[in-house]
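As a plain string of letters, each chain reads:
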Amino acid sequence: MKKALRKIHLWLSVPTGIIITLVCFSGAMLVFEKEITEAIKPELYFVKEAKGEPIPMQQLMEKVEETLPDSVSISGVTVFADSTRTYQVSLSKPRRASIYVNQYTGEVTGRSERLPFFNTMFHLHRWLLGSSSGVGKLITGICTLVLVFILITGILMWLTNRNKPLKASLAIHVTKGWGRFWHDLHVAGGIYTTIFLLAMALTGLTWSFSWYRTGFYACFGVESSEKGGAHGEGGNSHGEGRGSCGEGRYSHGDGRNNHEGNHGEGRGFHRRSPYRHWEDVLNEVALKNPGYQQITLKPEVAEVVPEGRLSMRAADKYSYDRRSGEITDVQLYSAGKKDTKVRSGVYMVHTGSWGGIITRILNFLAAFIGATLPLTGYWLWFRRKRAAIAHHH
């Protein structure tokens, strides 16, 4: 039994180890993408001074509209509880595009986009720097699936090879030489991180294979989405609470701005502003949710993340009449559809956001240690092969 497990563990690990290291390392790098990005580019996400009251929503949105190309319109705006954070304005295109605006001056501070390092890490994590439908995605999926079996065989090997006390088998010695340290890091480090790595792998596979996604969600009584897991292929997978621009860039066109609420086709004909009730809806939703984290206004719906929610995806929805601004319906996340909760849960487990900052730190450590496991495994294998050759001679 022990020999069989060791062989399975070894021959699954040897061809896939380097890919697993790359996927785990890039995943670890993405855990705190939001915080690092905001620290590097604070002028984009924060105002220098929060003086007075914000510009009324309708006036602010119309001011932002003037800076946009004719073919691009505003699809929503996110207001944060922190008065020093700039408003995030979502755009109609490119996909998932957004810009940030100083709500006190109306100045557009910039557009949302990944830093080059995190963009590379994201594409490495998902597609090995390839395309979303290329060979890299398939290789990543296969290696992630193999990782599940590597982790299971590793646990079984540890359970069937308990020839020393539990405390000793889980110790990582740092004063007994590099050889002992690498051995302990591989064995004990693997045991410490297995649960988190399994959770990340099993949820991550929902973005890799449609057949797996269908079966995975069926286990929870939910039908799988055609597009895949809890977020789309081009989205920001780890940066909750802020948008991410697609790969395309919007450009100024020569045509007239023709979206609803701006200018009609005839000169001098004006429709009512689509933002005329956004201020009233914002105030009413904020009043109903004191201590909210963020409120996103869209045509006919406002989404609010109340105080204490660990995920920005766990939002309550307030539908309103765009003609009168009257709230017509409330859909609480806690009473929402099962499929919404499951998809949100998959994302939260994969990114470690389900338990707040503590579980995110644990996810980071697990992914980082997971990246070392194939490398320490190679080292142990080479050392064992070298010892066997020396003993033979």
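In the block above lies the structure referred to throughout.
Criteria and cut-off values
- Residues numbered from 1 in each chain as written.
- Predicted model: local features only at pLDDT ≥ 70, side-chain atom pairs only at ≥ 80, totals over all residues.
- Heavy atoms only, no water.
- Salt bridge = Lys/Arg side-chain N within 4 Å of Asp/Glu carboxyl O.
- Helix = DSSP H or I, 4+ residues; strand = E, 2+ residues; numbered from the N terminus.
- Buried < 20%, exposed > 50% of the residue type's maximum accessible area, 1.4 Å probe, protein only.
- Patch = residues over 30% accessible without salt bridge, like charges linked within 9 Å, V, L, I, M, F, W, Y side chains within 5 Å.
- Areas by Shrake-Rupley, 256 points an atom, 1.4 Å probe, with all protein chains shown as cover.
- Lys, Arg positive; Asp, Glu negative; His and termini not counted.
- Charge placed at Lys NZ, Arg CZ, Asp CG, Glu CD.
- Pairing = 2+ DSSP bridges.
- Core = buried A, V, L, I, M, F, W, Y, C linked by side-chain atoms within 4.5 Å.
- Contact = heavy atoms within 4.5 Å.

Q: Explain the pattern of salt bridges here, please?
A: Where charged atoms from two side chains of opposite charge come close, those side chains can pair. Evaluated as defined, the whole model comprises eleven salt bridges. A salt bridge links arginine 85 to glutamate 38, with the shortest nitrogen-to-oxygen separation between them at 2.8 Å. In this pair, arginine 85 sits in the loop between β1 (74-80) and β2 (87-91) while glutamate 38 sits in helix α2 (residues 33-40), placing the two residues 47 residues apart along the sequence. Here arginine 85 and glutamate 38 have matching classes, each one buried. Residue aspartate 184 is joined to arginine 180 by a salt bridge in which the shortest nitrogen-to-oxygen separation is 3.2 Å. Of this pair, aspartate 184 and arginine 180 both sit in helix α8 (residues 178-204), separated by four residues, roughly a single helical turn. We classify aspartate 184 as buried; its relative accessible area is 4%. Judged by its relative accessible area of 30%, arginine 180 is partly exposed. Among the charged side chains, a network of salt bridges with common partners joins Lys34, Glu38 and Arg85.

Q: Any chance you could explain a positive patch on the surface here in plain terms?
A: Judged by side-chain charge, Lys2, Lys3, Arg6, Lys7, Arg383, Arg384 and Arg386 come together as a positively charged surface patch. At the level of secondary structure, the elements contributing two or more residues to the positive patch comprise α1 (2-30) and α12 (357-392). At four residues, the largest contribution of residues to the positive patch is made by α1. With respect to the secondary-structure elements, arginine 383 resides in helix α12.

Q: I tried to follow the pairing of strand β6 (residues 301-305) on my own but got confused; where do I start?
A: Along any regular strand the residues' side chains alternate between the sheet's two faces. Across the five residues of β6, five count as buried, placing the element largely inside the fold. Alternating positions in β6 separate into two faces, Val301, Glu303 and Val305 on one and Ala302 and Val304 on the other, with burial throughout. Of the strand pairs in this sheet, strand β5 (residues 294-298) and β6 are connected by five bridges, and their pairing is antiparallel. Along β6, the bridge assignment pairs glutamine 294 with valine 305. Counted between consecutive antiparallel strands, the loop separating β5 from β6 contains two residues, among which glutamate 300 sits at a positive phi close to 80 degrees. Relative to strand β7 (residues 316-320), β6 is paired through four bridges, and the arrangement is antiparallel. In the strand pairing of β7, glutamate 303 is matched with lysine 317.

Q: What's the story with the nonpolar core in this structure? I'm lost.
A: Side chains of nonpolar character tend, in soluble globular proteins, to be buried together. One finds Ile20, Leu197, Tyr217 and Val346 to be the most contacted residues of the largest nonpolar core, which totals 37 residues. No other element matches the seven residues that α1 contributes to this core. For isoleucine 20, the residues in contact, after removing those within four places along its chain, are Cys143, Leu147, Ile150 and Pro374. In terms of nonpolar packing, the next biggest core, distinct from the first, is built from 29 residues, Ile55, Val77, Tyr87 and Leu282 among them.

Taken by themselves, the reported measurements are silent on function.
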